[in-house]
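Per-entry structural report
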Amino acid sequence: MLKIIKTSDGSDTIYNSDLNETYHSVHGSVSESEHVYIQNGLGFFLKRNNKKHINILEIGFGTGLNLLLTHSYLLKKKKSCFYHTLEPYPLPNEIISELNYVEKVDIRSRKLFEFSHSCPQESEVELEKNILLLKSSQTLEDIALSREYDIIYFDAFAPSKQPEIWGVSNLKKLYDCLVDGGALVTYCSSGQFKRDVKEVGYTLEVLNGPKGKKEMVRAIK
């Protein structure tokens, strides 16, 4: 069902044969995540808001690549974060242990990467001094979100594979927990998704996508 494959930037991704879908772009896992979530999400927000500590919500922990890249970026910027991620279907350890993300991002982060996958869910865990992690096993539809977030990484499987996640009710739930000026970023740029984003009340920004994809979306409250 799950198979590790190499993408064009040399980083791994996972192919799910049940969904006929990969966890990242075959044109580059690391380069896609850096472009969508770090440069156009985290970096964008910090340029506009001089906060020392930020709150991040991620829809779809998956391989943990976004967390690894976030940690690396925040270390350089001398910032810290609370990182809340939803993952109802965690990956098996035998798959995680074979991924090459630590070598591609920061070899010093091996312990952090491994612990982020093995630590208990539903409990706040200090990964390092600059990251407090909370992993939730609930779906976006079921979870009650009580915090305010500065950035949302919307990294679920595509709407064609999991349409329920991308619906208006979920987008409204995410809008309600964003701070004013906060941003939701995603690789998805389907026409229906963009219409739903505007319907909920976000300011829609359609940006250049990562390699192999024409567009991505940033939605601002």
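Note that the structure is predicted; figures quoted are calculated from it, not measured.

This paragraph deals with the packing of aromatic side chains. Tallied over the full model, the rule gives nine aromatic pairs. With centroids separated by 4.3 Å and ring planes inclined at 10 degrees, the aromatic side chains of phenylalanine 154 and tryptophan 166 adopt a geometry described as stacked. In this pair, phenylalanine 154 sits in strand β8 (residues 149-154) while tryptophan 166 sits in the loop between β8 and α6 (168-177), placing the two residues 12 residues apart along the sequence. Assigned by exposure class, phenylalanine 154 and tryptophan 166 land together as buried.

The subject of this paragraph is the sheet that holds strand β3 (residues 21-22). Read from one edge of the open sheet, three strands run β1-β2-β3, paired in antiparallel fashion. Lying at the two open borders of the sheet, with one neighbouring strand each, are β1 (2-6) and β3. Alignment of strand β2 (residues 12-16) against β3, held across two bridges, turns out to be antiparallel. In the strand pairing of β3, asparagine 16 is matched with glutamate 21.

This next bit is on helix α1 (residues 29-48). Count 3.6 residues to each turn of an α-helix, and residues three or four apart come out pointing the same way. Its 20 residues give α1 an end-to-end C-alpha distance of 27 Å, which sits within 8% of 28 Å, the value for a rise of 1.5 Å per residue. Along α1, the sharpest kink reaches roughly 40 degrees, centred on isoleucine 38.

Let us now look at the environment of glutamine 192. Its location among the elements puts glutamine 192 in helix α7 (residues 191-200). Residues glutamine 192 and glycine 167, spaced 25 residues apart in sequence, show a C-alpha to C-alpha distance of 9.4 Å. Here aspartate 196 takes part through its side chain, which lies 2.9 Å from a polar atom of the side chain of glutamine 192.

Burial analysis of strand β4 (residues 53-59) places six of its seven residues in the buried class, which makes it a mostly covered element. Judged from the seven bridges that link them, β4 and strand β5 (residues 80-86) form a sheet pairing that is parallel. Paired with leucine 57 across the strands is histidine 84, a residue of β5. One ladder, built from four bridges, connects β4 with β8; its direction is parallel. Within the sheet, the bridge partner assigned to isoleucine 59 lies in β8 and is phenylalanine 154.

Below, the discussion takes up the sheet that holds strand β7 (residues 131-136). Spatially, eight strands are ordered β6-β7-β5-β4-β8-β9-β11-β10 in an open sheet, and the strand pairing comes out mixed. Two strands close off the open sheet at either side, each with one partner strand: β6 (124-128) and β10 (203-208). Direction aside, neighbouring strands of the sheet carry axes that sit 20 degrees apart on average. The sheet contact formed by β10 and strand β11 (residues 215-220) spans six bridges and is antiparallel. Each bridged residue has a counterpart across the sheet, and for valine 206 the counterpart in β11 is valine 217. Running over the sheet, helix α5 (residues 110-118) touches β6 and β7 and is turned about 170 degrees from β6.

Cut-offs applied
Residues numbered from 1 in each chain as written. Predicted model: local features only at pLDDT ≥ 70, side-chain atom pairs only at ≥ 80, totals over all residues. Heavy atoms only, no water. Phe/Tyr/Trp six-rings, centres within 6.5 Å; stacked < 30°, edge-to-face > 60°. Helix = DSSP H or I, 4+ residues; strand = E, 2+ residues; numbered from the N terminus. Buried < 20%, exposed > 50% of the residue type's maximum accessible area, 1.4 Å probe, protein only. Pairing = 2+ DSSP bridges. Expected span 1.5 Å × (residues − 1). Bend = angle between axes of the 7 residues up to and from the residue. Polar contact = N/O pair within 3.5 Å; in protein donor to acceptor, adjacent residues only side chain to side chain. Axes fitted to C-alpha atoms, helices over the stretch in contact; angles between N-to-C directions. Contact = heavy atoms within 4.5 Å.

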